[in-house]
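Geometric and topological summary
These are the residues of each chain, in order.
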Amino acid sequence: MTVLTSEWLKIRSIRSTYLVLGLSLSTVFLGLALAAAAAGMYDAASPEQQARAKIADLEEVFTIVPQLCMGVLGTLVITSEYTTGMIRTSLALVPRRWPVLAAKSVVVGGLGLLVGAVTVFGTYFAARVVLGDRFSGAYTSAFSDRLPLLIAFSLTVSVFALLGVGFGAILRSVPGTTAIIVSLVYVLPMIIGKIPEPWSERLGSLMIGALPREITGDTITTSVYGSLLSPPAAATVMITYAAVPLCLAIWLLRRRDA
């Protein structure tokens, strides 16, 4: 508990924490602005155009922002100590070493859960209020029907936060870890989308962006991702994304110099 409290105080003392959290929470306002713009365009369109008009799930589109932000925060939480040399003090006070990384993971992962819930649910409700029954009632379905998918998308934000901690501890490099996070969010899905079938769908089904819909069994034909995994398999893959880098980081932390 002492280590956990110490890590919470550390993350609160880093100015970049508040900047990253602010950028993450701005997702709700971005979603609100885009929903308002889409509503205006819809209202100005002809009845024929309105009948054909469609809109993506804004909470899914904008999840990329808190994912990237929390991934960067997780990276900074660990790499900043290596940069300043504070990691030596931390490890000297906790000789077993692994509790330090475990405490960082709990704090950052918990923040990821909170930020993910606020941004995903906030964007969803903002879009629901602004769009109403426009776009063929895209946002008029029962909230209970959407709840599992919203929760699944919220969890991905925490996964990226833990990825930042894990790869940050492994690489000890902000640019290197950030490159991995950006690749998982943006670059790899683009590359996989260009691979011939059936490998495009097979690999796409393993991407983090595909997992929420696979976990809930909610497929979408227009997605760039695949949808081959069963809900239990998709949940296992999501846990693996977070757990494997952290386990490797703990193993390395116990074996190499600070």
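Below you will find a few notes about this structure. In this text, all values refer to a predicted model and were calculated from it rather than measured experimentally.

Cut-offs and rules
- Residues numbered from 1 in each chain as written.
- Predicted model: local features only at pLDDT ≥ 70, side-chain atom pairs only at ≥ 80, totals over all residues.
- Heavy atoms only, no water.
- Helix = DSSP H or I, 4+ residues; strand = E, 2+ residues; numbered from the N terminus.
- Rg over C-alpha atoms; globule rule 2.2 N^0.38 Å.
- Buried < 20%, exposed > 50% of the residue type's maximum accessible area, 1.4 Å probe, protein only.
- Contact = heavy atoms within 4.5 Å.
- Areas by Shrake-Rupley, 256 points an atom, 1.4 Å probe, with all protein chains shown as cover.
- Lys, Arg positive; Asp, Glu negative; His and termini not counted.
- Charge placed at Lys NZ, Arg CZ, Asp CG, Glu CD.
- Axes fitted to C-alpha atoms, helices over the stretch in contact; angles between N-to-C directions.
- Parallel < 35°, antiparallel > 145°, perpendicular 65-115°, else oblique.
- Left-handed = near helix turned anticlockwise from the far one by under 90°.
- Nonpolar A, V, L, I, M, F, W, Y, C, P; charged D, E, K, R; others polar.
- Core = buried A, V, L, I, M, F, W, Y, C linked by side-chain atoms within 4.5 Å.
- Phe/Tyr/Trp six-rings, centres within 6.5 Å; stacked < 30°, edge-to-face > 60°.
- Lys NZ or Arg CZ within 6 Å of the ring centre and 35° of its normal.

This next bit is on the overall build of the chain. Of the regular secondary structure elements, the chain holds 13 helices and zero strands. Each helix and strand of the chain, placed in order from N terminus to C terminus, yields the pattern α-α-α-α-α-α-α-α-α-α-α-α-α. At 20 Å, the chain has a C-alpha radius of gyration in line with the 18 Å of a compact globule built from 258 residues. Sorting the 258 residues of the chain into buried and exposed places 42% on the buried side. Contacts in the chain between residues at least 24 apart in sequence constitute 75% of all its contacts with a sequence separation of at least 6. Summing over all exposed atoms, the chain offers an accessible surface of approximately 12,800 Å²; the carbon and sulfur share of this is 69%. Across the chain, the mean location of the 19 positive side-chain charges is 15 Å away from that of the 14 negative side-chain charges.

Glancing now at the packing of helix 5 (residues 64-84) against helix 7 (residues 98-131). Put simply, helix 5 and helix 7 touch, their axes get as near as 10 Å, and they point 160° apart. Judged by the angle between their axes, helix 5 and helix 7 are roughly antiparallel. Note on packing geometry: the crossing formed by helix 5 with helix 7 is right-handed. Residues P66, M70, L73, G74, V77, I78 and E81 of helix 5 pack against L101, K104, V108, L111, G112, V115 and T119 of helix 7. Class assignment of the residues belonging to the contact of helix 5 with helix 7 gives a composition of nine nonpolar, three polar and two charged.

Moving on, we get to the nonpolar core. Counting residues in hydrophobic clusters, the biggest one holds 40 residues, and the most contacted among them are I11, M70, L73, L101, V159, F160 and Y241. For this core, the elements supplying multiple residues, two or more each, are helix 2 (15-44), helix 5, helix 7, helix 9 (143-171), helix 10 (174-193) and helix 13 (231-253). Grouped together as the second largest cluster of nonpolar side chains are 17 residues, A35, Y139, L149 and F153 included.

Turning to unusual backbone geometry, a few remarks are in order. Here the residue pair E197 and P198 is connected by a cis peptide bond, since its omega of 5° sits within 30 degrees of zero. Structurally, the position occupied by P198 is in the loop between helix 10 and helix 11 (199-204). Positive phi, close to 55°, is recorded for F135, a residue that is not glycine.

To continue, consider the packing of aromatic side chains. Evaluation of the coordinates by the stated rule reveals six aromatic pairs. For the pair Y124 and F125, a centre-to-centre distance of 5.2 Å together with 70° between the ring planes defines the contact as edge-to-face. Taking the relative accessible area as the measure of exposure, Y124 reaches 1% and is therefore buried. Pairwise contacts between aromatic rings join F121, Y124, F125, Y139 and F143 into one cluster. Directly above the ring of W199 sits R202, whose terminal nitrogen or CZ lies 4.8 Å from the centroid.

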